[in-house]
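# Fold and contact review
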Amino acid sequence: MARSHAQAIEGLRPVQYADKKGMLLAAAEIQDTLGEDKVSYDSEDIERHGFSDWSTSNSTGRAVAIVYPRTTEDVSKIASICYSRSVPMVPFGAGSSIEGSFSSPYSGIVIDLAYMDKIVAFHPDDMDVVVQPGVNWVDLNKSMQCEGLFLPLDPSPTATIGGMISTNCSGTNAFRYGTMKDWVINVTAVLADGRVIKTRRRPRKNSAGYNLTSLFVGAEGTLGIITEVTLKLAVVPKETGVVVVSFSTIKDAASAATKIIRSGVQLAAMELMDDVQMQVVNRHGSEAVRKTKWDETPTLFLKFSGLSKEGIQGDISLMKELVRPYSPTKYFAAKGKQEEADLWSARKEALWTMTSIKPEGHALWSTDVAVPISRLAEIIELSKQDGEKLGFFTSIVGHVGDGNFHEALMYNPSDPKHRAGVEEAVHRMIARALEMEGTVSGEHAIGIGKMDCLFDELGPDTILAMKLLKQAIDPKWLLNPGKIFGLPDHSEPVAAKLL
């Protein structure tokens, strides 16, 4: 075993990237090939593509240029030029990653897919749609309303399809509809050297060859640049309902959630917000959210869907019976579609509201884990206690229907004691999740922020297998390098300092 492991390690070849001059030469060649309007050297543009105020992890590295392709052919030409000059390429979607997935720790060229925002083909009778990666999921769903179809993912409203696939995103609807991997039929991807591949054809069923589609889902752009996608669609529920239930403690709320899940009640979504987050939305939420006087206690947000109003009312009545042992303190039930949207907005605005109240000079460390549902109440309660002991702003929100929750801690990053305390609390949460047979990332991917944690979760042999796969498809390690795992040993490029 040791010998085969050593041989495998020897198979990982060190990599070397172009210097800044070589990177700028590549940018100039791309400009000559695609046109001046496709390349930006603007410092503010570069900064926007290299740093995010709401990301937990950032890097001091910055790209030398941003390029804006319009077609798969454009991306292929960009990749061919970068490959010939050994220049790193960082695909960029909406920039809403919170784990530094779009940072540029080795500089290089950022490929912003914002202008690749076309709906290529819509097949309502087949319940699928072909899109470019820059399509925003909210806009996509609006465009299909007339056919009663939608893509049932619900991440950040700014998210675009390419980034959603690359991080295997989910959001509030995952309890009922699953994650992004469940809705991708095929992808067209540009490989590091400019070759273009399509992973499969359009039928729902396929047993032809390797499942290459899944290889690109969650790969964070490290294996290829996605330029076109075929997505499955779902039928928009005929009837919906939203109920918000408050509890005295986080343990009661999480335990009630587990009881509802085990009952088999057909919920579309189940979300949890703690007392701190409820205080935030009461004071700083949008006008629509502040119309409701929320109890500032741990709260479950429940979305119901079905074929009839009577069926939904039956499910709501059963839910109330199920949660009664956990002493709910108040119910809010939406009386119409607008009220449903207003109540649900309190959950959807959580991250943006916390970011808006962040004091000058402070940072928000927001990260997630997922555990088997039976352990959810325990880990949420312990994680919240750890954060509160620090005396900092600490809030828990989560997609509790599938065992996934987020903890956000606000701190002063220039104070070593603050940063050390927050890091310790987060690491304890992650270690606890692994002890419970959970994962270090439920939906935010790995980026640069959780590479060490992924090693703890999967172990050296699994990480090595991933690296060998990466090297086989991207032998120069040019596609989004420094994400998910580090470069091979003895590689000369030095990563930029992490913030």
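The structure we're discussing is the one just above.
Residues numbered from 1 in each chain as written. Predicted model: local features only at pLDDT ≥ 70, side-chain atom pairs only at ≥ 80, totals over all residues. Heavy atoms only, no water.

On a plain count of helices and strands, the protein comes out with 18 helices and 18 strands. The C-alpha atoms of the protein give a radius of gyration of 23 Å, which matches the 23 Å a tight globule of 499 residues would have. When its C-alpha atoms are laid out on the principal axes, the protein stretches across 65 × 60 × 50 Å. Buried positions account for 56% of the 499 residues belonging to the protein. Long-range pairs, those at least 24 residues apart, make up 72% of the contacts in the protein between residues at least 6 apart in sequence. A total accessible area of about 21,300 Å² is found for the protein, and carbon and sulfur atoms account for 52% of it. Charge-centre separation for the protein: the mean point of 53 positive side chains lies 3 Å from the mean point of 62 negative side chains. (Helix = DSSP H or I, 4+ residues; strand = E, 2+ residues; numbered from the N terminus. Rg over C-alpha atoms; globule rule 2.2 N^0.38 Å. Buried < 20%, exposed > 50% of the residue type's maximum accessible area, 1.4 Å probe, protein only. Contact = heavy atoms within 4.5 Å. Areas by Shrake-Rupley, 256 points an atom, 1.4 Å probe, with all protein chains shown as cover. Lys, Arg positive; Asp, Glu negative; His and termini not counted. Charge placed at Lys NZ, Arg CZ, Asp CG, Glu CD.)

We now examine the sheet that holds strand E4 (residues 109-112). Taken in spatial order, the four strands of this open sheet run E1-E2-E4-E3, and their pairing is mixed. Both edges of this open sheet fall to strand E1 (39-40) and strand E3 (89-92), since each of them pairs with a single strand only. Sheet topology note: the E1/strand E2 (residues 65-67) ladder contains two bridges and is antiparallel. The residue bridging valine 39 from the neighbouring strand is valine 67, located in E2. Sitting on the sheet, helix H2 (residues 20-34) touches E1, E2 and E4, and the angle it makes with E4 is about 35°. (Pairing = 2+ DSSP bridges. Axes fitted to C-alpha atoms, helices over the stretch in contact; angles between N-to-C directions.)

This brings us to unusual backbone geometry. Residue glutamate 437 is not a glycine yet carries a positive backbone phi of 65°. Along the chain, glutamate 437 falls in the loop between helix H16 (416-435) and helix H17 (451-458). Overall, the relative accessible area of 73% leaves glutamate 437 in the exposed class. Residues other than glycine seldom take positive phi values, yet tryptophan 477 does so here, at roughly 55°. When its relative accessible area of 1% is taken as the criterion, tryptophan 477 is described as buried.

Moving on, we come to the pairing of strand E18 (residues 404-411). Counted residue by residue, E18 has eight buried out of eight residues, so it is predominantly covered. Residue alternation in E18 divides its side chains into two sets, Asn404, His406, Ala408 and Met410 and Phe405, Glu407, Leu409 and Tyr411, and both sets are buried. Sheet analysis places strand E16 (residues 363-370) next to E18, joined by eight bridges and oriented antiparallel. The partner of alanine 363 across the bridge, within E18, is tyrosine 411. Linking strand E17 (residues 393-399) back to E18 in an antiparallel pair, the connection comprises four residues, with glycine 403 at a positive phi of about 75°.

What follows covers helix H13 (residues 337-348). Along its twelve residues, H13 runs 16 Å from first to last C-alpha, staying within 8% of the 16 Å computed at 1.5 Å per residue. Within H13, the full set of buried residues consists of Glu340, Asp342, Leu343, Trp344, Ala346 and Arg347. (Expected span 1.5 Å × (residues − 1).)

With that out of the way, let us pick up the sheet that holds E18. Taken in spatial order, the seven strands make up an open sheet running E15-E12-E14-E13-E17-E18-E16, and their pairing is antiparallel. The open sheet has two free edges, formed respectively by strand E15 (330-333) and E16, since each of these has just one partner strand. Ignoring strand direction, the axes of neighbouring strands in this sheet form an average angle of 15°. Note: strand E13 (residues 267-273) against strand E14 (residues 299-306), six bridges, orientation antiparallel. Bridge assignment links leucine 272 to a residue of E14, and that residue is leucine 300. Across the sheet, helix H10 (residues 275-284) touches E13, E14 and E17, and the angle it forms with E17 is around 95°.

This part is about the layout of surface pockets. Approximately 980 Å³ is the volume found for the largest pocket. Together, 30 residues line the largest pocket, and Trp137, Phe150, Asp154, Asn173 and Lys303 are the ones closest to its centre. Of the residues that constitute the lining of the largest pocket, the class distribution is 16 nonpolar, seven polar and seven charged. When its volume is computed, the second largest pocket comes out at roughly 620 Å³. (1 Å grid on protein atoms, 1.4 Å probe; cavity = no way out; pocket = protein on both sides within 12 Å on 5 of 7 lines; lining within 4 Å. Points joined across faces, edges and corners; volume = space filled by probe spheres on them. Nonpolar A, V, L, I, M, F, W, Y, C, P; charged D, E, K, R; others polar.)

A water-sized probe rolled over the atoms picks out the places where empty space is left. Applying the stated criterion across every chain, the model contains two cavities of 30 Å³ or more. One number sums up the size of the largest cavity: a volume of about 910 Å³. For the largest cavity, the lining is made up of 48 residues, of which Ser96, Ser97, Pro155, Ser156 and His444 are closest to its centre. Only E3, helix H6 (161-166), strand E10 (225-232), H13, helix H14 (350-356), E17 and E18 provide two or more residues apiece to the lining of the largest cavity. When its residues are assigned to classes, the lining of the largest cavity shows 21 nonpolar, 22 polar and five charged. For the second largest cavity, the calculated volume is near 30 Å³.

A word on the side chain of serine 86. Inspection of the secondary structure assignment puts serine 86 in the loop between helix H4 (72-85) and E3. In terms of polar contacts, serine 86 uses its side chain to reach the side chain of lysine 476, at 3.4 Å. When near neighbours in sequence (up to four residues on either side) are disregarded, serine 86 contacts Gln16, Tyr17, Ala18, Lys476 and Leu478. (Polar contact = N/O pair within 3.5 Å; in protein donor to acceptor, adjacent residues only side chain to side chain.)

Successive side chains on a regular strand alternate, one facing one side of the sheet and the next facing the other. Counting buried positions over the eight residues of strand E12 (residues 239-246) gives seven, a clear majority of the element. Bridge count between E12 and E14: eight bridges; the pairing is antiparallel. Its bridge partner lying in E14, valine 242 is registered against lysine 303. Both E12 and E15 contribute to a ladder of four bridges, which runs antiparallel. Across the sheet, the residue bridging to serine 246 is lysine 330, located in E15.

The next thing to look at is the packing of aromatic side chains. With the rule as written, the count across this model stands at ten aromatic pairs. Ring geometry for tryptophan 477 versus phenylalanine 485: centroids 5.9 Å apart, planes at 70°, classification edge-to-face. No difference in accessibility class separates tryptophan 477 from phenylalanine 485, as the two residues are buried. In this structure, arginine 70 packs its charged tip against the face of tyrosine 115, placed 4.1 Å from the ring centre. Seen from the ring of tyrosine 331, lysine 320 lies directly overhead, with NZ or CZ sitting 5.0 Å from the centre. (Phe/Tyr/Trp six-rings, centres within 6.5 Å; stacked < 30°, edge-to-face > 60°. Lys NZ or Arg CZ within 6 Å of the ring centre and 35° of its normal.)

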